[in-house]
Amino acid sequence: MTIFSLAGFNLIVAGIFFSVTSGFSGELGNHAIGRQIFSLCRGCHSIGKEAELDDNTGPHLNMIFERRPGSVPGFSYSFGLIEAAENGLTWNVETLSSFIENPVSVVPDTLMSFDGIDDPWKRQDLMAYLRLFSEGSENISDSDFAVRNYSVSSEILALSGDPEYGEYLSSECNTCHQSDRENDGIPSIRSLTEKKFVMAMHAYRDKVRSNEVMQLIAGRLSDEEIAALAAYFRESLE
């Protein structure tokens, strides 16, 4: 637990900032966009009503959540994938997102020839799409249906934040979140663009996203302070 001091308020932070990055807490993205991203997977995998009848290189992805790797009959899996399943690996939002980001980091000798998806927002949207075919998975929330319709005004997005003030506000963020783009178990704020940062913070403030700690933190920030933080983290990406 870390004491988080931001704009004069002391908050207890449990070590998670944006669940929309590499780490998830059940919040997903826009499944309509995820359907487009799934085109990267269609060369080897199928999903949907007829997927189990398709003769593809890789297994179908129906009911993928809470499924053990290597468990669909009729496919030749790598020893590493089978061993990972025997050691307890189960596909859920977090493990599947990590695998899609960098397959060999999760299963070093996987047979899947895929470079991965670096963008955490694209993985978030893809998870939302896969969820549509895994109804009943208890680790998936319904928050994606609220988030996909959420937007902020053009006036808010047009605010020009002061990066120096944003740096001041961000000082305590860096006690939990690394200064580079690595996450090491705690999502990196620096993987977000300015617009996505602003939208995420306002979604927490409006309680569209469900992390209570982030709702509290965002609720203490003004539009200008959110813009300042976004400006600072934008500069840190350059």
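Above this note sits the structure.
None of these values were measured; they are calculated from a predicted model. (Residues numbered from 1 in each chain as written. Predicted model: local features only at pLDDT ≥ 70, side-chain atom pairs only at ≥ 80, totals over all residues. Heavy atoms only, no water.)

Chemist: Before we go on, may I ask you to explain the overall build of the protein in this structure?
Modeler: Scanning the protein from terminus to terminus reveals eleven helices and two strands. The linear arrangement of helices and strands in the protein, starting from the amino end, is β-β-α-α-α-α-α-α-α-α-α-α-α. Looking at the protein as a whole, 47% of its 238 residues are labelled buried. (Helix = DSSP H or I, 4+ residues; strand = E, 2+ residues; numbered from the N terminus. Buried < 20%, exposed > 50% of the residue type's maximum accessible area, 1.4 Å probe, protein only.)

Chemist: I keep staring at helix 3 (residues 93-101) and nothing clicks. Help me out?
Modeler: Owing to its 3.6 residues per turn, the α-helix aligns residues three or four sequence positions apart on the same side. Taken together, the buried positions of helix 3 are occupied by Val 93, Leu 96, Ser 97, Phe 99 and Ile 100. Looking down the long axis of helix 3, one finds its buried residues gathered within 160° of arc, a one-sided arrangement. Residues of helix 3 that are buried in the fold lie against helix 4 (103-106) and helix 5 (120-131). Where helix 3 begins, the capping side chain belongs to Asn 92, and its oxygen is found 3.1 Å from the backbone nitrogen of Glu 94. (Arc of directions from axis to C-beta. Contact = heavy atoms within 4.5 Å. Polar contact = N/O pair within 3.5 Å; in protein donor to acceptor, adjacent residues only side chain to side chain.)

Chemist: Just to check I follow, could you spell out the packing of aromatic side chains for this structure?
Modeler: Enumeration according to the criterion identifies seven aromatic pairs in this entry. Between Phe 75 and Tyr 77, the ring centres sit 6.4 Å apart and the planes meet at 55°, which makes this aromatic pair tilted. Since its relative accessible area comes to 23%, Phe 75 is described here as partly exposed. Take Tyr 77: its relative accessible area is 17%, and that puts it in the buried class. Between Tyr 232 and Phe 233 the ring centres are 5.1 Å apart and the planes differ by 55°, which places this aromatic pair in the tilted class. (Phe/Tyr/Trp six-rings, centres within 6.5 Å; stacked < 30°, edge-to-face > 60°.)

Chemist: Looking at this structure, how should I read the environment of Glu 235?
Modeler: Looking at where Glu 235 falls in the secondary structure, it is placed in helix 11 (residues 223-237). C-alpha of Glu 235 to C-alpha of Glu 194: the two residues are 41 residues apart in sequence and 9.2 Å apart in space.

Chemist: Looking at this structure, I do not really get helix 9 (residues 194-205). What am I missing?
Modeler: Under the 1.5 Å per step criterion, the end-to-end length of helix 9 is 17 Å for twelve residues, consistent within 8% with the ideal 16 Å. Among the residues making up helix 9, those that are buried are Phe 197, Val 198, Ala 200, Met 201, His 202, Ala 203 and Tyr 204. Where helix 9 ends, the next residue or the one after it, Lys 207, has phi of about 60°, a positive value. (Expected span 1.5 Å × (residues − 1).)

Chemist: Quick question: what am I supposed to make of the environment of Met 201 here?
Modeler: In this fold, Met 201 is placed in helix 9. Overall, the relative accessible area of 1% leaves Met 201 in the buried class. Through-space distance from the C-alpha of Met 201 to that of Ala 227 is 9.7 Å; in sequence the pair is 26 residues apart.

Chemist: What is the right way to read the environment of Asp 118 from this model?
Modeler: As for its position among the elements, Asp 118 is in the loop between helix 4 and helix 5. When the C-alpha positions of Asp 118 and Glu 101 are compared, they lie 5.4 Å apart, and in sequence the two are 17 residues distant. Among residues more than four places away in sequence, those in contact with Asp 118 are Glu 101 and Arg 123.

Chemist: Is there a simple way to think about the packing of helix 9 against helix 10 (residues 212-219) in this case?
Modeler: Between two packed helices, both the angle of their axes relative to each other and the distance between the axes serve to describe the pair. The geometry of helix 9 relative to helix 10 is characterised by a closest axis approach of 7 Å and an angle of 100° between their N-to-C directions. With respect to their mutual orientation, helix 9 and helix 10 come out roughly perpendicular. Contacts between helix 9 and helix 10 pair Met 201, Tyr 204 and Arg 205 from the former with Met 214, Gln 215, Ala 218 and Gly 219 from the latter. Per-class residue counts for the contact of helix 9 with helix 10 are four nonpolar, two polar and one charged. (Axes fitted to C-alpha atoms, helices over the stretch in contact; angles between N-to-C directions. Parallel < 35°, antiparallel > 145°, perpendicular 65-115°, else oblique. Nonpolar A, V, L, I, M, F, W, Y, C, P; charged D, E, K, R; others polar.)

Chemist: So what exactly am I meant to see when it comes to the packing of helix 3 against helix 5 here?
Modeler: In contact at an axis separation of 10 Å, helix 3 and helix 5 are set at 125° when each is read in the N-to-C sense. Compared by their axis directions, helix 3 and helix 5 come out oblique. Considering only the axes of helix 3 and helix 5, their crossing is right-handed. Every residue of helix 5 that contacts helix 3 at Val 93, Leu 96, Ser 97, Ile 100 and Glu 101 is listed here: Arg 123, Leu 126, Met 127 and Leu 130. (Left-handed = near helix turned anticlockwise from the far one by under 90°.)

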